[in-house]
Amino acid sequence: MLREDVFPDNTTFSVVLRACTAVPAARAGEGFHCQIFKLGFEFDLFSQTGLLDFYAKVGDLSSAKRLFAEMPDRDVVAHNVMIAALGKFGYASDARKLFDEMPDRNSASYNSMISIYCKLGDIHSAGLIFYRNPVKDVVSWNAMIDGYCKLDDLTKAWELFDRMGSAKNSITWNTMISGYVQHGEFGRAISIFQQMQEQNVKPTEITMVSLLSACAHLGALDIGKWIHAYIRRQNLRTDVVLGNALIDMYSKCGSIEAALDVFHGLPMKNIFCWNSIIVGLGMHGYGDDAINAFVEMEKEGIKPDGVTFVGLLSGCSHSGLVSEGRDYFSQMSGVYGVNPGIEHYGCMVDLLGRAGFLEEALELVKTMRMKPNSVVWGSLLRACRIYKDTKISEQVTQHLLELDPHDGGNYVFLSNIYASVNRWEDVELCRRLMSERGVHKTPGCSSIEVGNIVHEFVAGDTSHPQFTQINTFLDEISWELRGLGHEPDTDSVLHDIEEEEKESAVRYHSERIAVAFGIMSTPPGKSIRVVKNLRTCDDCHATLKLISKLFMRVIIVRDKNRFHHFRDGSCSCKDYCYAFVPTQFIARIQYDE
DNA sequence: GTAGGGTTAG
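Residues numbered from 1 in each chain as written. Chains lettered and ligands numbered in written order. Predicted model: local features only at pLDDT ≥ 70, side-chain atom pairs only at ≥ 80, totals over all residues. Heavy atoms only, no water.

### Description of the overall build of chain A
The cut-off we apply is this: Helical segments are the DSSP runs of H or I of at least four residues, strand segments are the runs of E of at least two, and each set is numbered from the N terminus. Note on definitions: a residue-residue contact is assigned when non-hydrogen atoms from the two residues lie within 4.5 Å. To measure how exposed things are, a 1.4 Å probe is used in the Shrake-Rupley method; for residues, cover is taken only from the protein chains shown.
When you go through chain A residue by residue, the secondary structure sums to 31 helices and six strands. Looking at chain A alone, contacts between residues at least 24 apart form 64% of all its contacts between residues at least 6 apart. Carbon and sulfur atoms form 53% of the exposed surface of chain A, whose accessible area is close to 28,400 Å².

And the structure:
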C-alpha cells in the first residue's frame, strides 16, 4: 500500500480514506490509519474529520467517539459528522446534546437533526428544528417532505412540496414520487412525474425505479415500456436496482419474455434480480424455468435467501411440480441454511393441496413449528373447495375465522363454499357475522391502460366520463352471452356475499367495467390487460372467459393472487378455485358429506 | 456533512 519513497500528505490520506469509506473497507482503512500514525504523521482537521466519517460509516462508533474527543479543535463539519454518526446508531439524545452545545451551526447541522428525528418518527421535533433553521436549504425541505411521507402524512408532504415553488431539485421530486408509490397512489406518482418533466427537471435512475414500481403495481405495461425506452434514450445507468425494477415491472405486467430479456442483458445481477426472475417465472406458470434459474444462480455463487425459496416453492406449486417442491423444502435449512418461515409452509400447503394431497397438507399444518396463519388455512380451504372435501373444510373454517375475524375475504370465500353446496343458512350466518363484527369490505379497483393513460375503476364510482356508455355496452354483452349459454348467477347473488361492494348504480364488478372499456376503446384483436386489487369473483371469471371467445380477444387479468390469461373461452389458471356452476345446476351435483 | 430507489406464500 504505502511506498517508502513516497511520503503521503493530508490530501493523499483523505483521498484514500474516502475510497475506503465508499467501498466500505474497514480493515484497509484502519490499517492505513495505523500505518500513517506510525510514520509520525500530523493529521490536519480535514483528515481527522475524514477519519471520523470513515469510522462512522464502517460501523465503528466507539473509534469515532474516541477520535472526536481527542480532536484538538472541532469545527462545524466535525460536529456535523459526529451528530450524524450518533443519530445513525440510535443515540438521538446524544446527538441533540451535541447539536445544542455547538458554538455555531450551518444548515447541515439542522438537516442532520431533522433526519434523525424523522427516522425516530418524531415529526414534531423535526418540524421545530426545521422552522428554527435560519438558513433552510433544499436539503432541509427534502428531509421534511420525506419525513412526512414516511409518517403517512402525504397531505403535509404535498403542502411543503407545493410551498417550495421552483426551489425543488430532482431529489425533491423523487421524494414526492416515491412517497405516493409507497402509499399505493400509483397513478398520482406517474402524474407527478409528468409535471416534473414539464418543469424541465431531469429525472434520475431513482425516479425511474419509483415509476417502474408504480407501473408494476398498476400493470401499466405501455407506460413501463415507455420508461424503459426513456432510460435507454437518456443513457441512464441500469444498475442492479434499476435492472431489478425493470424485471419486476415486466413480469408483473404480464410480459415474462421482456423480463427475461432485461435479466439476461444485465452485466451484474444480485440476489434481488435473481429472486425477481425466479418469482416471475413461477408466477407465470414456468416452474421448470424457475428451477433452472435457481440452479443457475447457485452456479454463479449467489446464496439463496427466504425470498428465493418463496419464488421457487410457489413456482413448483403453480406448475404442479410436487416432488421437486418437496425436495427443495426438505433441503432448505440443511443444504442451503435458510430456515423455513411461515410463508414457506404456506407454499407447501398450497403445493400439496393443489395436487390433491389434502391429508398430507393438513398433517403439515398440524406439525409445523409455528402457529399456522390465515394464509396457510386459506390455502388449505381453497384446496378443499376444489377437491370438494367438506370434512376437512369444516375443521379449517373454525381456525380461519378465529384467526382473522376482520378479513372480509375469508367470509366471502367461506360463504361461497356454503353457497356451492346450497347451505344458505350458513351463507346467511357469514353475512351476519360480517356485519356484527364490523368487517369492512375493501373497495374493488381495476385499472386498464388506454393511450398511455391509466383508467381506474373503483367500485361504486360512476365518475368516469364514459360510464353510461360502458354500462350500456356491458348490458349488451350480457345479452349476447346468453346466446352462448351463459346464465347470469342471479340466484346466488341474493345469498352470496361479494368481496367488493356494488353500489346500486354500478351493476358490474370493476374488472368487468375495465374490460368493457378496453374493448370499446381499442382496435379489434388487441390484448386487454387489467389489474385488480382483489380476487376475481366466480361470475366475472366465467363471464370473462366467454367475452374472450365472443370478441376474439386475449384478456389478461392480474388479480390479487395471480395472472389469468383468458383466451378463446378458457383461462390459463385452469379454473383453479373457480368451480363456478350456475346455481340452477348446483342441486344436481352430489357432494359426499 | 445533510435529502430520494428494488424481490416475499392463499
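Having put the structure on the table, let's press on.
### Points about the protein's contact with DNA strand B
Rules: Residues are classed as near a molecule or strand on a simple rule: at least one heavy atom within 4 Å of it. Polar contacts, as counted here, are pairs of nitrogen or oxygen atoms within 3.5 Å of one another; within protein the pair requires one atom able to donate a hydrogen and one able to accept it, and residues that are adjacent in sequence qualify only if both atoms are side-chain atoms. Three residue categories are used. Nonpolar comprises Ala, Val, Leu, Ile, Met, Phe, Trp, Tyr, Cys and Pro, charged comprises Asp, Glu, Lys and Arg, and polar comprises the others, including Gly.
In the region of DNA strand B, 48 residues are neighbours, and Asn106, Ala108, Asn142, Asn174 and Asn275 sit closest. Sugar plus phosphate, as a fraction of atoms of DNA strand B within 4 Å of the protein: 47%. For DNA strand B, a phosphate oxygen lies 3.1 Å from a polar atom in the side chain of Gln182. Classifying every residue of the surface near DNA strand B gives 16 nonpolar, 22 polar and ten charged.

### Section: the pattern of salt bridges
The test is simple: Salt-bridge detection follows one rule: a side-chain nitrogen of Lys or Arg within 4 Å of a carboxyl oxygen of Asp or Glu. Whether a residue is buried, partly exposed or exposed follows from its accessible area with a 1.4 Å probe, protein chains only, as a fraction of its type maximum: under 20%, in between, or over 50%, in that order.
All chains considered together, the criterion is met by eleven salt bridges. Glu101 is the partner of Lys97 in a salt bridge, and the nearest nitrogen-oxygen pair spans 3.7 Å. Here Lys97 pairs with Glu101, and both are found in helix α6 (residues 92-101), just four residues apart, close to one helical turn. We note that Lys97, like Glu101, is exposed.

### Quick notes on the UniProt feature "repeat: PPR" (unreviewed entry) in chain A
As a reminder of what qualifies: UniProt positions are given in the numbering used here, feature names are shortened, and annotations may be inferred rather than shown by experiment.
Under the UniProt annotation, "repeat: PPR" (unreviewed entry) lies at residues 75-109, 137-167, 169-203 and 270-304. For residues 137-167, the end-to-end C-alpha separation is 9 Å, with 74% helix and 0% strand making up the annotated structure. For residues 270-304, the end-to-end C-alpha separation is 10 Å, with 74% helix and 0% strand making up the annotated structure.

### Re the packing of aromatic side chains
Two aromatic rings are characterised by how far apart their centres lie and by the angle between their planes. This is how it is decided: Only Phe, Tyr and Trp rings take part, Trp by its six-membered ring, and two of them pair if their centres are within 6.5 Å. Stacked means planes under 30 degrees apart, edge-to-face means over 60, and tilted covers everything else. A ring is considered to have a charge above it if a Lys NZ or an Arg CZ atom is located within 6 Å of its centre and within 35 degrees of its normal.
Inspection of the entire model under this criterion finds 18 aromatic pairs. Consider the rings of Phe263 and Trp274, whose centres lie 4.9 Å apart with planes at 80°: the pair is edge-to-face. One end of the pair, Phe263, is in helix α16 (residues 256-265); the other, Trp274, is in helix α17 (residues 271-283), with eleven residues separating them in the sequence. Per residue, the accessibility class of Phe263 equals that of Trp274, and both read buried. Here the aromatic cluster, defined as three or more aromatic residues joined through ring pairs, consists of Trp158, Phe161, Trp173 and Tyr180. If you follow Arg74 out to its NZ or CZ, it ends over the ring of Phe68, 4.6 Å from the centre. The ring of Phe161 is capped by Lys168, whose NZ or CZ atom sits 4.7 Å from the centre of that ring.

### Section: the environment of Ala459
Looking at the secondary structure, you find Ala459 in the loop between β2 (453-458) and α27 (467-483). A relative accessible area of 19% means that Ala459 is categorised as buried. Sequence separation of Ala459 and His509 is 50 residues, and the distance between their C-alpha atoms is 6.8 Å.

### Here's the deal with the packing of helix α18 (residues 287-299) against helix α20 (residues 322-336)
Basically, it comes down to this: Every angle, taken between N-to-C directions, lies between 0 and 180 degrees, and every axis is a line fitted to C-alpha atoms, over only the stretch in contact when it is a helix. Working definition: roughly parallel below 35 degrees, roughly antiparallel above 145 degrees, roughly perpendicular at 65 to 115 degrees, and oblique for all remaining angles. What makes a crossing left-handed is the near helix being turned counterclockwise from the far one by less than a right angle; a clockwise turn instead makes it right-handed.
At a minimum axis distance of 13 Å, the contact between α18 and α20 shows a crossing angle of 20°. In terms of orientation, α18 and α20 fall into the roughly parallel class. Considering how the two elements wind past one another, α18 and α20 form a crossing that is left-handed. Judged by residue contacts, Ile291, Phe294, Val295 and Glu298 of α18 engage Glu324, Tyr328 and Tyr336 from α20.

### Quick word on helix α23 (residues 374-386)
Going by this rule: Here a helix's expected span is defined as the number of its residues, less one, multiplied by 1.5 Å.
For α23, built from 13 residues, the straight-helix expectation of 18 Å at 1.5 Å per residue is met to within 8% by its first-to-last C-alpha distance of 18 Å. The buried count for α23 comes to ten of 13 residues, which makes it a mostly enclosed element. Within α23 the residues assigned to the buried category are Ser374, Val376, Trp377, Gly378, Ser379, Leu380, Leu381, Ala383, Cys384 and Arg385. A distance of 3.2 Å separates the backbone nitrogen of Val375 from a side-chain oxygen at the start of α23, and that oxygen is part of Asn373. At the exit of α23 stands Lys388, carrying a positive phi of roughly 55°.

### Considering the sheet that holds strand β3 (residues 528-532)
Using the following cut-off: Between any two strands, at least two bridges found by DSSP are needed for them to pair.
Spatially, the six strands line up as an open sheet ordered β2-β1-β3-β4-β5-β6, and their pairing is mixed. The open sheet is flanked by β2 and β6 (570-571), the only strands paired with a single partner. Where strand β1 (residues 445-450) and β3 come together, three bridges link them in antiparallel fashion. Each residue of the ladder has a partner; that of Ser447, found in β3, is Val531.

### Observations concerning the pairing of strand β4 (residues 555-558)
In plain terms, the rule: Orienting the strands away from the viewer, one traces the path from the first strand over the helix to the second; a clockwise path indicates a right-handed crossover.
Here β4 shows no split at all, with Ile555 and Val557 on one side and Ile556 and Arg558 on the other all buried. When β3 meets β4, the two strands line up parallel, connected through four bridges. Counted as the bridge partner of Val531 is Arg558 from β4. Handedness of the crossover joining β3 and β4 through helix α30 (residues 538-550) is recorded here as right-handed. In this sheet, strand β5 (residues 563-567) lies alongside β4 in antiparallel orientation, the contact comprising four bridges. Its bridge partner being in β5, Ile555 is matched across the sheet by Phe566. In this structure, the hairpin formed by β4 and β5 is closed by a connection of four residues.

### As for the pairing of β1
In terms of burial, β1 is largely enclosed, as six of its six residues are buried. As judged from the six bridges shared by β1 and β2, these two strands associate in the antiparallel manner. Paired with Val450 across the two strands is Ile453, which belongs to β2.

### A closer look at the side chain of Arg354
Locating Arg354 in the fold gives a position in helix α21 (residues 342-354). Within the structure, Arg354 has its side chain in polar contact with the side chain of Ser317 (distance 3.3 Å). Excluding residues within four positions of it along the chain, Arg354 makes contact with Ser317, His318, Ala383, Tyr387, Arg562 and Tyr576.

### Considering α16
To keep things clear, this is the line we draw: Throughout, the arc means that of the directions going from the helix axis to the C-beta atoms.
Looking only at α16, the buried set comprises Ile256, Ala258, Ala259, Val262 and Phe263. For α16, the buried positions fall inside an angular range of 160° around the axis, keeping them on one side. The exposed set on the far side of α16, more than 90 degrees from its buried face, consists of Asp261, His264 and Gly265. Where the residues of α16 are buried, they touch α14 (221-233), α15 (240-252) and α17.

### Overview of the state of the cysteines
For clarity, the cut-off: In what follows, a disulfide is any cysteine sulfur pair within 2.5 Å.
As enumerated under the stated definition, the model contains zero disulfides in all. Cys540 carries a free sulfur, and the closest cysteine sulfur to it, the one in Cys537, is 3.7 Å from it.

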